[in-house]
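# Geometric and topological summary
As a plain string of letters, each chain reads:
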Amino acid sequence: MSTQPQKRPQGGNDDGAAREAADAVGANAQAQKRAGELDSLLDEIDSVLESNAEEFVKGFVQKGGE
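For the structure given in this document, a descriptive report is provided here. Remember, predicted model here, so these are calculated numbers, not experimental data.

### Observations concerning a negative patch on the surface
A cluster of acidic residues, Asp39, Asp43, Asp46 and Glu50, forms a negative patch at the surface. Summarising the element assignment, Asp43 is placed in helix 1 (residues 15-58). Asp43 gets classed as exposed once you look at its relative accessible area, which sits at 54%.

### Here's the deal with the pattern of salt bridges
Counted under the stated rule, the structure contains one salt bridge. Glu54 is the partner of Lys58 in a salt bridge, and the nearest nitrogen-oxygen pair spans 3.6 Å. Taken together, the residues span about one helical turn, with Lys58 and Glu54 both in helix 1 at a distance of four residues.

### Some thoughts on the environment of Asn52
By secondary structure assignment, the location of Asn52 is in helix 1. A distance of 3.1 Å separates a polar atom in the side chain of Asn52 from a polar atom in the side chain of Ser51.

### As for a nonpolar patch on the surface
A cluster of nonpolar residues, Leu38, Leu41, Leu42 and Ile45, forms a patch on the protein surface that exposes about 350 Å² of accessible area. With respect to the element layout, Leu38 can be found in helix 1. Using a relative accessible area of 46% as the deciding quantity, one classes Leu38 as partly exposed.

About the criteria used
- Residues numbered from 1 in each chain as written.
- Predicted model: local features only at pLDDT ≥ 70, side-chain atom pairs only at ≥ 80, totals over all residues.
- Heavy atoms only, no water.
- Patch = residues over 30% accessible without salt bridge, like charges linked within 9 Å, V, L, I, M, F, W, Y side chains within 5 Å.
- Areas by Shrake-Rupley, 256 points an atom, 1.4 Å probe, with all protein chains shown as cover.
- Salt bridge = Lys/Arg side-chain N within 4 Å of Asp/Glu carboxyl O.
- Lys, Arg positive; Asp, Glu negative; His and termini not counted.
- Charge placed at Lys NZ, Arg CZ, Asp CG, Glu CD.
- Helix = DSSP H or I, 4+ residues; strand = E, 2+ residues; numbered from the N terminus.
- Buried < 20%, exposed > 50% of the residue type's maximum accessible area, 1.4 Å probe, protein only.
- Polar contact = N/O pair within 3.5 Å; in protein donor to acceptor, adjacent residues only side chain to side chain.

Encoded structure:
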């Protein structure tokens with residue numbers, strides 16, 4: 001027989017549902033913030049590539065024997 005405790009559903013407690021909803025709202029706000037930060041970073045990379053793409057690519061080109 002297993003010695004691990006079994007989880008039993010707890011009925012009649014709506015606080016858990018409200019807490020989960022609040023956590024979901026907080027997670028959504030955090031995800032939107034990160035998406036905005038990522039967009040800013042990608043825009044910055046794009047602007048660098050537009051201004052000196054050739055120089056950027058040369059940095060990644062292998063030179064004999066590397």
